[in-house]
Amino acid sequence: MEIGDWKSTAGMTEVYRQARHFGLEPNIAELEAFGFTVIDPERTGAPPGFAQRLLDAVQRVSRQEDESAVDLNKHADKPAFGRQLFHLLARDPVFVEAAMNPVVRTMGSYMLGVSMRLFSMVAFIKEGAARPTHMHTDSVGVPTPLPFYGSVCNVSWILSDYTEQNGTLCMVPGSHRYCRHPTEFEQPRFMGGPMDDAMAVPVLAKPGSLAVFTGNTWHGTYPKTTDSTRIHIATAFCRNYVNPAENYDDLPDAVVAEHGPEFARLIGRKAWQGYRAEGPKLENMALVRPAYQSVYG
Ligand SMILES: [Fe+2]
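Residues numbered from 1 in each chain as written. Predicted model: local features only at pLDDT ≥ 70, side-chain atom pairs only at ≥ 80, totals over all residues. Heavy atoms only, no water.

A contiguous nonpolar surface patch, about 380 Å² in accessible area, is contributed by Phe 148, Tyr 149 and Tyr 241. Counting through the fold element by element, Tyr 241 comes out in the loop between β9 (229–238) and α6 (253–258). (Patch = residues over 30% accessible without salt bridge, like charges linked within 9 Å, V, L, I, M, F, W, Y side chains within 5 Å. Areas by Shrake-Rupley, 256 points an atom, 1.4 Å probe, with all protein chains shown as cover. Salt bridge = Lys/Arg side-chain N within 4 Å of Asp/Glu carboxyl O. Helix = DSSP H or I, 4+ residues; strand = E, 2+ residues; numbered from the N terminus.)

This part covers the coordination of the iron ion. Think of it this way: four donors in a tetrahedron around the metal ideally sit 109.5 degrees apart, and six in an octahedron ideally sit 90 or 180 degrees apart. The coordination sphere of the iron ion contains the protein donors His 136 (NE2), Asp 138 (OD) and His 219 (NE2), at a distance range of 2.1 Å. One chain supplies every donor for the iron ion, spaced along it as H-x1-D-x80-H. (Donors = N, O, S within 2.8 Å, 3.2 Å for Na, K, Ca; no water.)

Here we have 6 strands laid out as an open sheet, ordered β1-β7-β4-β9-β3-β2, and antiparallel in their pairing. The sheet terminates laterally at β1 (36–39) and β2 (83–85), the two strands that pair on one side only. For this sheet the average axis-to-axis angle between neighbouring strands, irrespective of direction, equals 20 degrees. Alignment of β2 against strand β3 (residues 117–127), held across 3 bridges, turns out to be antiparallel. Each residue of the ladder has a partner; that of Arg 83, found in β3, is Ile 125. (Pairing = 2+ DSSP bridges. Axes fitted to C-alpha atoms, helices over the stretch in contact; angles between N-to-C directions.)

A separate point is the sheet that holds strand β8 (residues 219–221). Note on sheets: strands pair through backbone hydrogen bonds, and any given pair is parallel or antiparallel. Read from one edge of the open sheet, 3 strands run β6-β5-β8, paired in antiparallel fashion. Single-partner strands in this sheet number two, and they are β6 (201–202) and β8. Where strand β5 (residues 169–171) meets β8, 3 bridges bridge the pair, whose relative direction is antiparallel. Pairing of Cys 170 across the sheet is with Gly 220, part of β8.

This paragraph deals with the pattern of salt bridges. Following the criterion strictly, the structure yields 8 salt bridges and no others. Notably, a salt bridge pairs Glu 25 with Arg 20, separated by 3.1 Å at the nearest N-O pair. The exposure class of Glu 25 is partly exposed, given its relative accessible area of 27%. With a closest N to O distance of 3.1 Å, Glu 97 and Arg 53 form a salt bridge. Here Glu 97, found in helix α4 (residues 93–100), pairs with Arg 53, found in helix α3 (residues 50–64); they are 44 residues apart in sequence, far enough to count as distant. (Buried < 20%, exposed > 50% of the residue type's maximum accessible area, 1.4 Å probe, protein only.)

The residue after Thr 144, namely Pro 145, is reached through a cis peptide bond having omega 0 degrees. Within the fold, Pro 145 resides in the loop between β3 and β4 (152–158). Residue His 87 is not a glycine yet carries a positive backbone phi of 55 degrees. Within the element layout of this structure, His 87 appears in the loop between β2 and α4.

Turning to helix α1 (residues 12–21), a few remarks are in order. For the α-helix, the turn length of 3.6 residues means that residues three or four positions removed from each other point alike. Taken together, the buried positions of α1 are occupied by Thr 13, Val 15 and Ala 19. On an axial view of α1, the arc spanned by its buried residues comes to 160 degrees, and they lie on one face. Phi for Gly 23, located one or two positions after α1, is positive at around 75 degrees. (Arc of directions from axis to C-beta.)

Put into structure tokens, the structure is as follows:
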């Protein structure tokens, strides 16, 4: 059917039209049914060679960064095994391109609304064999019961061949409807828990794909048994009232301006929260209000 300028779904109508334009309706259906989906490299809308540029940038940053300077790396029992590179957005313009990719933002906006914010942008690197990451949701700090909709979502750029042997992500299909975090009794056997391994399924994806899942979806990773390097970049978004994990105040105003007003809004430069005695800026509050409110109230 034709999607009109329907006021009752203002925001969603534009996002849905974009989804249709990019051929993402099957992915949205998979996301609704199973809580995750994979967008093939040909449909990410990225220019040729983009995934290689992203991979080169991650590897450049990893060479420049002192691994031991990252606080999380000092903990043997950290939640995600392997090396993580945080705050990528400020480190190379290609990461801005990755976050601003129209397909990435369409999937994020579908799940969280057009007022969504960037939550974090983190590279996950595993070189050689690696233990699995335990089953969890990305709704960090949200007490059970989770709302039936996600407060956050994950749109990950897959930059190497993601197979079970290479320690790909695993998902429990349909778990986004459970509205709770997994318990220790629901960890699969390959993670050392008692849950039937068949409940978890591998996310199979080629380099340049996007793996997309909701903040409620139960996921973890398979143990990595190969010598190859496994890399993906998790672009996480959140609903506009959630406190983002990363702070982008250090991006120079001139750099932010180069990428346009939507980028500025995504990284919180138009947030209405955080005011002092001067009170909130009405124009910034208007950015997170649904259209019907400006029409009727
Ligand atoms: Fe996660």
